[in-house]
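Remarks on the overall topology
Chain by chain, the residues run as shown.
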Amino acid sequence: MTYPTGNGYLKPGVLPHMWCAGCGIGTMLGAMLRSFEELGWSKTDTVVVTGIGCTGKLDDYLVTNALHTTHGRALAYATGIKAFNPRLHVVVVMGDGDGVTIGGNHFIHAARRNIDLTALVLNNLNYGMTGGQASATSPATSITSTTAYGNPEREFDICALAETAGANFVARANTWHGWELQQSITQALTRKGFSLVEVMSPCPTQFGRRNDMRQTQAMLHSLRDRSMPVDRFRALPPSERADRFPVGTLVDRDEPGFVERYAQVQQRAAARLEARPA
Ligand SMILES: Cc1ncc(C[n+]2csc(CCOP(=O)(O)OP(=O)(O)O)c2C)c(N)n1
Ligand code: SF4
């Protein structure tokens, strides 16, 4: 089997990777590399920004410009990079802890700003790296290392959050349906404004084994079985939606992104300066 090189984005000699057997992060990495390859992006024009966690380790496998940042703040660093040099393709890879738990505020404001970045949030329903603690996406009643008798909190719907905050493009995928995952990533990468792909992914080691999914593949199968193409999901009566989640493109709009709006601000400021009496 040949592994995608993503235009040479994959660091030579790094495989096999560090993630647990049955983890979905490697699948997301493969899909992202195939998308880079498909779009013909150059390594020098692409920056991958990560946070901290099992998902945050993804940049270790890349040859391109990569910035390994602090937990929950990847979007803040990425915003600085994009604002300083809008020519760059900036892709931000985070876990659900990074993206919407400790990083929730940065996430809301990146989407509100509609800053021209692509965020890939791997949602494995818990903090994988640090021992399986509950995150903001751990389902209500689920068992984690910090909710041994069931999670009393309700979970965030990451896609709904991005949509409400103002993101131009929002999609959800899972690591079982690899081709669809790659299609969603490619679409997200080509949109202006803030684009999000929520990647539903198994964490058999921390989440699966605590929630009646002890076999390595069980959580992956559960995510596969609960996924439903968005058109079919929306046709379901609300009473039948409970254990399902829609996958595919949920939002695709063409509002001006931050880069475009900021360029207009710069033009207005330059015109004002020029109009000043000498
Ligand atoms: C400010 C800060 N708080 C806490 C930690 C400890 N920490 C490291 S990784 C992590 C959880 C990562 O979870 P997630 O982002 O969901 O990624 P996963 O490991 O599941 O891929 C935590 C809490 C940290 N490194 N920095
Ligand atoms: S702990 Fe979970 S998220 Fe981390 S590598 Fe293992 S399976 Fe993947």
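The structure displayed is predicted, hence computed values, not measured ones.

Moving on to the overall build of the protein chain. The number of helices and strands found in the protein chain is nine helices and eight strands. The globule rule puts the C-alpha radius of gyration for 278 residues at 19 Å, and the 19 Å found for the protein chain is close to it. A buried classification covers 48% of the 278 residues belonging to the protein chain. A separation threshold of at least 6 residues defines the contact pool for the protein chain, and within that pool the share at least 24 residues apart is 68%. Counting every atom, the protein chain has about 13,200 Å² of accessible surface; 53% of that belongs to carbon and sulfur. Looking at charge distribution, the protein chain has the averaged site of its 27 positive side-chain charges lying 4 Å from that of its 24 negative ones.

Our next topic: the packing of helix α4 (residues 104–113) against helix α5 (residues 158–165). Where α4 meets α5, the axes come as close as 7 Å, and the angle between the chain directions of the two elements is 45°. With respect to α5, the axis of α4 lies oblique. In this structure, the crossing between α4 and α5 has a hand that is right-handed. For the pair α4 and α5, contact is made by Phe 107, Ile 108, Ala 111 and Arg 112 and by Ile 158, Leu 161, Ala 162 and Ala 165, respectively. Split into classes, the residues belonging to the contact of α4 with α5 amount to seven nonpolar, no polar and one charged.

This model, assessed by the stated rule, comprises five aromatic pairs. Pairing Phe 36 with Trp 41 gives two aromatic rings, centres 5.6 Å apart and planes at 20°, and the pair type is stacked. Here Trp 41 falls in the buried class, since its relative accessible area comes to 11%. Between Phe 107 and Phe 194 the ring centres are 5.9 Å apart and the planes differ by 85°, which places this aromatic pair in the edge-to-face class. Here Phe 107 is found in helix α4, whereas its partner Phe 194 is found in the loop between α6 (178–190) and β6 (195–200), with 87 residues between them in sequence. Of the two residues, Phe 107 and Phe 194, neither departs from the other in class, the shared state being buried. Among the aromatic residues, those joined into a cluster by ring pairs are Tyr 9, Phe 36 and Trp 41. Directly above the aromatic system of Trp 176 lies the positively charged group of Arg 224, at a separation of 4.6 Å from the ring centroid.

Near ligand 2, the surroundings consist of Trp 19, Cys 20, Cys 23, Cys 54, Asn 124, Gly 128, Cys 203, Pro 204, Thr 205 and Gln 206. Each residue belonging to the shell around ligand 2 can be placed in one class, and the counts come to six nonpolar, four polar and no charged.

Taking 1.5 Å per residue, 15 residues should reach 21 Å; helix α1 (residues 25–39) reaches 21 Å between its end C-alpha atoms and fits that length. Burial in α1 covers these residues: Ile 25, Gly 26, Met 28, Leu 29, Gly 30, Ala 31, Met 32, Leu 33, Ser 35 and Phe 36. In this structure, the buried residues of α1 make contact with β1 (46–50), β3 (89–95), β4 (118–123), α6 and β6. Of the residues one or two after α1, Gly 40 is the one with positive phi, at around 65°.

Moving on to α4. For α4, every residue scored as buried is listed here: Gly 104, Phe 107, Ala 110 and Ala 111. What you see down the axis of α4 is that its buried residues fit within an arc of 130°, all on one side. The exposed set on the far side of α4, more than 90 degrees from its buried face, consists of Asn 105 and Arg 112. On its buried face, α4 sits against α2 (74–84), α3 (96–101), β4, α5 and β6.

Before going further, it helps to spend a moment on the site of ligand 1. Taken together, the neighbourhood of ligand 1 is formed by 16 residues, with Cys 54, Thr 55, Gly 97, Asp 98 and Gly 128 sitting nearest. Taking Met 129, its main chain carries an N or O atom lying 3.0 Å from an oxygen atom of ligand 1. Computed on the free molecule, ligand 1 has an accessible area of 590 Å², of which 73% lies beneath the protein chains in the complex. A total of three residues in the shell around ligand 1 trace back to one element, the largest contributor, which is α3.

Let us now look at the environment of Cys 20. As for its placement among the helices and strands, Cys 20 is situated in the segment before α1. Put simply, Cys 20 and Pro 204 are 184 residues apart on the chain and 8.1 Å apart in space, counted from C-alpha to C-alpha.

Rules behind the numbers
- Residues numbered from 1 in each chain as written.
- Chains lettered and ligands numbered in written order.
- Predicted model: local features only at pLDDT ≥ 70, side-chain atom pairs only at ≥ 80, totals over all residues.
- Heavy atoms only, no water.
- Helix = DSSP H or I, 4+ residues; strand = E, 2+ residues; numbered from the N terminus.
- Rg over C-alpha atoms; globule rule 2.2 N^0.38 Å.
- Buried < 20%, exposed > 50% of the residue type's maximum accessible area, 1.4 Å probe, protein only.
- Contact = heavy atoms within 4.5 Å.
- Areas by Shrake-Rupley, 256 points an atom, 1.4 Å probe, with all protein chains shown as cover.
- Lys, Arg positive; Asp, Glu negative; His and termini not counted.
- Charge placed at Lys NZ, Arg CZ, Asp CG, Glu CD.
- Axes fitted to C-alpha atoms, helices over the stretch in contact; angles between N-to-C directions.
- Parallel < 35°, antiparallel > 145°, perpendicular 65-115°, else oblique.
- Left-handed = near helix turned anticlockwise from the far one by under 90°.
- Nonpolar A, V, L, I, M, F, W, Y, C, P; charged D, E, K, R; others polar.
- Phe/Tyr/Trp six-rings, centres within 6.5 Å; stacked < 30°, edge-to-face > 60°.
- Lys NZ or Arg CZ within 6 Å of the ring centre and 35° of its normal.
- Near = heavy atom within 4 Å.
- Expected span 1.5 Å × (residues − 1).
- Arc of directions from axis to C-beta.
- Polar contact = N/O pair within 3.5 Å; in protein donor to acceptor, adjacent residues only side chain to side chain.

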